[in-house]
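Spelled out, the chains give:
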Amino acid sequence: QVQLVESGGGMVRPGGSLRLSCAASRRILSIVEMGWYRQAPGKERELVAAVTAGGSTNYTDSVKGRFTISRDDRVDTWYLQMNSLKPEDTAVYYCYVHLVGKPQYWGQGTQVTVSS
């Protein structure tokens, strides 16, 4: 079992930046992919960004050029740097990790609000 603890959410003005962190409770091995989803009120959960074990990244079109996913395997933590935030980025952000032969593990979610 792996617990994921998120941090870094909050409220920011349009154009501002936030960095989300997702820390695993233990050393994680056999990673397939890790990343971030978000869910805005009244909308379905959508994949925001992901990074594979090999380091390939994938972003939803609306965040390309503004968000960057990264990982630090030394501390089993991954990050989502969010720049040039827009009101439409407002959502609860969930981190996840997919391990070989295991169900997907999820963080508890962190609220990001972009408002003037």
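Residues numbered from 1 in each chain as written. Predicted model: local features only at pLDDT ≥ 70, side-chain atom pairs only at ≥ 80, totals over all residues. Heavy atoms only, no water.

### Regarding the nonpolar core
Link 1 in the chain: Ranked by internal contacts, the top residues of the largest apolar core, which has 31 residues, are Trp-36, Leu-80 and Tyr-93.
Link 2 in the chain: A total of five residues in this core trace back to one element, the largest contributor, which is strand 9 (residues 91-99). (Core = buried A, V, L, I, M, F, W, Y, C linked by side-chain atoms within 4.5 Å. Buried < 20%, exposed > 50% of the residue type's maximum accessible area, 1.4 Å probe, protein only. Helix = DSSP H or I, 4+ residues; strand = E, 2+ residues; numbered from the N terminus.)

### Digging into the pattern of salt bridges
Link 1 in the chain: Using the criterion set out here, one finds seven salt bridges in the structure.
Link 2 in the chain: Across the salt bridge formed by Arg-38 and Glu-46, the nearest N and O atoms sit 2.6 Å from each other.
Link 3 in the chain: Taking relative accessible area as the criterion, Glu-46 reaches 30% and is therefore assigned partly exposed.
Link 4 in the chain: Ionic contacts of the salt-bridge type, sharing partners, join the residues Arg-38, Glu-46, Arg-66 and Asp-89 into one network. (Salt bridge = Lys/Arg side-chain N within 4 Å of Asp/Glu carboxyl O.)

### So, the pairing of strand 7 (residues 67-72)
Link 1 in the chain: Examined bridge by bridge, strand 7 and strand 8 (residues 77-82) share six bridges and lie antiparallel to one another. Looking at the pairing, Arg-71 lines up with Trp-78 of strand 8.
Link 2 in the chain: With antiparallel pairing between neighbouring strands as the criterion, strand 7 and strand 8 make up a hairpin whose turn holds four residues, including Asp-76 at a positive phi of roughly 50°. (Pairing = 2+ DSSP bridges.)

### Digging into the state of the cysteines
Link 1 in the chain: Tallied over the entire structure, the rule returns one disulfide.
Link 2 in the chain: A sulfur-sulfur distance of 2.0 Å marks the disulfide that ties Cys-22 to Cys-95. Taking the sign of the torsion about the S-S bond as the criterion, the disulfide between Cys-22 and Cys-95, at about 55°, is right-handed. Taken together, the residues Cys-22 in strand 3 (residues 18-24) and Cys-95 in strand 9 connect sequence positions 73 residues apart.
Link 3 in the chain: On the accessibility criterion, Cys-95 (0% relative accessible area) is buried. (Disulfide = S-S within 2.5 Å.)

### Quick notes on the packing of aromatic side chains
Think of a pair of aromatic rings as described by two things: how far the centres are apart, and how the planes are tilted against each other in angle.
Link 1 in the chain: Within the structure shown, the criterion is met by three aromatic pairs.
Link 2 in the chain: Centroid distance Tyr-96 to Trp-106: 5.6 Å. Interplanar angle 40°. Geometry classified as tilted. Taken together, the residues Tyr-96 in strand 9 and Trp-106 in strand 10 (residues 105-106) connect sequence positions 10 residues apart.
Link 3 in the chain: Three or more aromatic residues joined by ring pairs form one cluster here, namely Tyr-37, Tyr-96 and Trp-106.
Link 4 in the chain: Residue placement shows Arg-45 over the ring face of Tyr-94; its charged tip is 4.0 Å from the ring centre. (Phe/Tyr/Trp six-rings, centres within 6.5 Å; stacked < 30°, edge-to-face > 60°. Lys NZ or Arg CZ within 6 Å of the ring centre and 35° of its normal.)

### Here we look at the environment of Met-82
Link 1 in the chain: Positionally, Met-82 belongs in strand 8.
Link 2 in the chain: On the accessibility criterion, Met-82 (0% relative accessible area) is buried.
Link 3 in the chain: When the C-alpha positions of Met-82 and Thr-60 are compared, they lie 13 Å apart, and in sequence the two are 22 residues distant.
Link 4 in the chain: Contact partners of Met-82, with chain neighbours within four places excluded, come to Gly-16, Ser-17, Leu-18, Leu-20, Arg-66, Phe-67, Tyr-93 and Val-112. (Contact = heavy atoms within 4.5 Å.)

### Quick look at the pairing of strand 11 (residues 110-114)
Link 1 in the chain: Counting buried positions along strand 11 yields four of five residues, so the element is predominantly enclosed.
Link 2 in the chain: Where strand 9 and strand 11 come together, three bridges link them in antiparallel fashion. What sits directly across from Tyr-93, in strand 11, is Thr-110.

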